[in-house]
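Here is what each chain is made of, one letter per residue.
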Amino acid sequence: MTTTDEIHRHRWQVESSHPVSEGLLSYQRCSCGQWRVTSTPLHPVAHPELARFAR
């Protein structure tokens, strides 16, 4: 069975972002109504694998 997430390519738009002690916290939404929160470390170029996504 195919789920909606498997057939829909999200186009995330940043609604707001805030600096925090660990880096930058961003709230993003897709036109389908789904939201996500991303956390980017202070130095993402040095540590790109540390970027996290939460749903």
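How each quantity is defined
Residues numbered from 1 in each chain as written. Predicted model: local features only at pLDDT ≥ 70, side-chain atom pairs only at ≥ 80, totals over all residues. Heavy atoms only, no water. Helix = DSSP H or I, 4+ residues; strand = E, 2+ residues; numbered from the N terminus. Buried < 20%, exposed > 50% of the residue type's maximum accessible area, 1.4 Å probe, protein only. Contact = heavy atoms within 4.5 Å. Areas by Shrake-Rupley, 256 points an atom, 1.4 Å probe, with all protein chains shown as cover. Salt bridge = Lys/Arg side-chain N within 4 Å of Asp/Glu carboxyl O. Polar contact = N/O pair within 3.5 Å; in protein donor to acceptor, adjacent residues only side chain to side chain. Pairing = 2+ DSSP bridges.

1. Some details on the overall build of the protein
Turning to step 1, where the next piece is worked out: Looking only at helices and strands, the protein features one helix and four strands.
Turning to step 2, where the next piece is worked out: Along the protein, helices (α) and strands (β) appear in the sequence α-β-β-β-β when read from the amino end.
Turning to step 3, where the next piece is worked out: In the protein, which comprises 55 residues, the proportion classed as buried is 16%.
Turning to step 4, where the next piece is worked out: Look at the contacts in the protein between residues 6 or more apart in sequence, and 7% of them connect residues 24 or more apart.
Turning to step 5, where the next piece is worked out: As presented, the protein carries roughly 4,600 Å² of accessible surface, and 55% of it is formed by carbon and sulfur atoms.

2. Quick notes on the pattern of salt bridges
Opposite charge on two side chains allows them to pair when their charged atoms are near.
Turning to step 1, where the next piece is worked out: Following the criterion strictly, the structure yields one salt bridge and no others.
Turning to step 2, where the next piece is worked out: The partner of R29 in a salt bridge is E15, with the nearest N and O atoms 2.7 Å apart. Taken together, the residues span a long stretch of sequence, with R29 in strand β2 (residues 23-29) and E15 in strand β1 (residues 13-20) at a distance of 14 residues.
Turning to step 3, where the next piece is worked out: Take E15: its relative accessible area is 40%, and that puts it in the partly exposed class.

3. Some words on the environment of Y27
Turning to step 1, where the next piece is worked out: Relative to the assigned elements, Y27 resides in strand β2.
Turning to step 2, where the next piece is worked out: By relative accessible area, which is 32% here, Y27 ends up partly exposed.
Turning to step 3, where the next piece is worked out: The spacing of Y27 and S16 is eleven residues in sequence and 5.4 Å in space, taken between C-alpha atoms.
Turning to step 4, where the next piece is worked out: Here Y27 is in contact with Q13, V14, E15, S16, H18, W35, R36 and V37, once residues within four sequence places are set aside.

4. Side note on the side chain of Q28
Turning to step 1, where the next piece is worked out: Looking at the secondary structure, you find Q28 in strand β2.
Turning to step 2, where the next piece is worked out: A polar side-chain atom of Q28 sits 2.5 Å from a polar atom in the side chain of R36.
Turning to step 3, where the next piece is worked out: With near-sequence residues (within four places) excluded, Q28 lies in contact with W12, Q13, V14, E15, Q34, W35, R36 and T38.

5. Description of the pairing of β2
Consecutive side chains along a regular strand alternate between the two faces of the sheet.
Turning to step 1, where the next piece is worked out: By the bridge criterion, seven bridges tie β1 to β2 in an arrangement that is antiparallel. Across the sheet, the residue bridging to S16 is Y27, located in β2.
Turning to step 2, where the next piece is worked out: Linking β1 to β2, which pair antiparallel, is a turn of two residues.
Turning to step 3, where the next piece is worked out: As judged from the seven bridges shared by β2 and strand β3 (residues 35-41), these two strands associate in the antiparallel manner. Paired with Q28 across the bridge in β3 is R36.
Turning to step 4, where the next piece is worked out: In this structure, the hairpin formed by β2 and β3 is closed by a connection of five residues, where G33 is found at a positive phi of approximately 105 degrees.

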